[in-house]
Amino acid sequence: MIMLAAAREVEGESAAMEEFADFVAGAMPGLLRYGHALTGNPHDAADLVQGVLEKIGSRWSAVVRKAGDPLAYTRRAMANAHVSRWRRTRRENLVADVPEAPADRVRYAFEDEPLWQALRALPPKQRAVVVLRYYEGLSEAEIAQTLGVSAGTVKSQASKAMATLRTRLGAPAEGR
Amino acid sequence: MGMDIDDELRRLFADDRLDLPVRPGATDAVVTGAGRRRRRRQAVTAASGVLTAVALLIGGITLGGLNTSSAPPGQQVLPTLTTTTVQATKVAAPPTSTVVISQMTGSSMSGSVSTVPELRPAGFSKIRLGMSVAEAEATGELVALEVKSRDCKAYNFKAYTAENSMAVGISPTDGVVAIFPPPGARTPEGIGHGSPEADVRNAYPAGTTDAHGYWIVDLGDGKAYSFGFGRDKAVTEIGLYSDKQMCFG
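Residues numbered from 1 in each chain as written. Chains lettered and ligands numbered in written order. Predicted model: local features only at pLDDT ≥ 70, side-chain atom pairs only at ≥ 80, totals over all residues.

(A) Main features of the packing of helix α7 (residues 124-134) of chain A against helix α9 (residues 151-170) of chain A. Residues and elements named next belong to chain A. Where α7 meets α9, the axes come as close as 9 Å, and the angle between the chain directions of the two elements is 95 degrees. Here α7 is positioned roughly perpendicular relative to α9, judged by the angle of their axes. Together, Lys 125, Gln 126, Val 129, Val 130 and Arg 133 of α7 and Val 154, Gln 157, Ala 158, Lys 160 and Ala 161 of α9 make up the contact between the two elements. (Axes fitted to C-alpha atoms, helices over the stretch in contact; angles between N-to-C directions. Helix = DSSP H or I, 4+ residues; strand = E, 2+ residues; numbered from the N terminus. Parallel < 35°, antiparallel > 145°, perpendicular 65-115°, else oblique. Contact = placed C-beta atoms within 7 Å.)

Dropping the structure here:
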């Protein structure tokens, strides 16, 4: 009896992992792009995507059961993980093909965008609010719910962020 | 400048250059990582009692050896070890190991200068893994960060500054699930910020490297230490977390 139950569980797990692998393969490009917008650089984007997906995959059946839409759940988890992130150290990167050599860095054209530079300089929370609003197209209330903060916080973070962006873009030579 | 920031942001976020190429094998790497996390959780749950007992015995022997004369740098044992260790021992280990550990504790504290408490398997300072939000807040040691999610409330320690980061993560359902003590804190085995990676591996030979290069040490009961390293192969982050945590990736 115990053996049978265990075998069934293993079988269920492997089916769930196949389903998870399909999900990852399909969602990866969009998640990397979203992670890039959230974190401001390819390394942290790949890191964020991998960490969040691994965690979700380790509880895949429960996530599917409880969260309904795994993609929306993953994106929410990424926004949260990014904001509450304290791990600043570079880590081994297994997910995205990130340019490492200096020659490649030149071709990483976003480096030259003043707005992108200004966004990257924002504190993580402010940048998340901007990304959720302009990348995800979420309302203030939806952003508040996603990040687990009050609508007032979203409003104040957004206005701080926009003020900073305006200042930076108005005087691009400053602070470089 | 007359530029419309709203439009500029939408344009930027629609830019193709935001795309990142997916590395071949990325899906496999994620699936493997997810499987490893799950297996670790299951193995830890099954074997926790035994592991705790063994870890305590090994810890007792190792640390006991330090009493003799010259403790290597970074291996001092802080005075407050007894309480938690013995508490943990009550659950899992035979009474003999309690004796070993209590004997060891009294004499090995001479070299300690740090005022930062130890990070132990049970927790750090007054904060314990599993404490509810209310219990943790009632210790008076934490200051809440505005940043939090449905799954994780973030805090810093009042007594220690932390740059742009969270020191304690608390789940509304599982209580305290992650603790990242400030520099100066060491584990009972003497590992803290600045310890060389080789020392970490020596102190915790049963640890494993995770996908991000962290050295993960199972502590039983679904708990683990994690040690992160900087470029110079020295510890830059020490942590204690529960497998239930949804605070970080």
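(B) Structural context of the pairing of strand β7 (residues 175-179) of chain B. All names here are of chain B. Where burial is concerned, most of β7 is hidden: four out of the five residues are buried. Pairing of strand β6 (residues 168-171) with β7 involves four bridges; the strand directions are antiparallel. Pairing of Gly 169 across the sheet is with Ala 178, part of β7. What sits between the antiparallel neighbours β6 and β7 is a turn of three residues. With two bridges connecting them, β7 and strand β11 (residues 235-242) associate as antiparallel partners. Looking at the pairing, Ile 179 lines up with Leu 240 of β11. (Buried ≥ 20, exposed ≤ 12 C-beta atoms within 10 Å, placed from the backbone. Pairing = 2+ DSSP bridges.)

(C) Expanded view of helix α4 (residues 70-83) of chain A. Residue and element names in this part refer to chain A. Across its 14 residues, α4 extends 20 Å between first and last C-alpha, which sits within 8% of the 20 Å expected from 1.5 Å per residue. Of all 14 residues making up α4, 10 are buried, and the element is well covered by its neighbours. Residues of α4 that are buried include every one of Thr 74, Arg 75, Arg 76, Ala 77, Met 78, Ala 79, Asn 80, Ala 81, His 82 and Val 83, and no others. (Expected span 1.5 Å × (residues − 1).)

(D) The arrangement of the nonpolar core in detail. Val168(B) and Phe227(B) are the most contacted members of the largest nonpolar core, which has 86 residues in total. Mapping this core onto the domain boundaries places at least three of its residues in each of domain 1 (1-86) and domain 2 (111-176) of chain A. (Core = buried A, V, L, I, M, F, W, Y, C linked by C-beta atoms within 7 Å. Domains from an automatic or database assignment.)

(E) Geometry of unusual backbone geometry. The phi dihedral of Ser125(B) falls on the positive side, at around 55 degrees, and the residue is not glycine. For Ser125(B), the position within the fold is in the loop between β2 (123-124) and β3 (127-128).

(F) Local environment of the pairing of strand β9 (residues 215-220) of chain B. Residue and element names in this part refer to chain B. Extensive coverage of β9 is indicated by the burial of five of its six residues. Alignment of strand β8 (residues 208-209) against β9, held across two bridges, turns out to be antiparallel. The residue bridging Thr 208 from the neighbouring strand is Ile 216, located in β9. Across five bridges, β9 lies against strand β10 (residues 223-229) in antiparallel orientation. For Val 217, the partnering residue across the bridge sits in β10 and is Tyr 225. Remark: two residues form the turn of the hairpin made by β9 and β10, two consecutive strands paired antiparallel; Asp 221 in that turn has positive phi of roughly 55 degrees.

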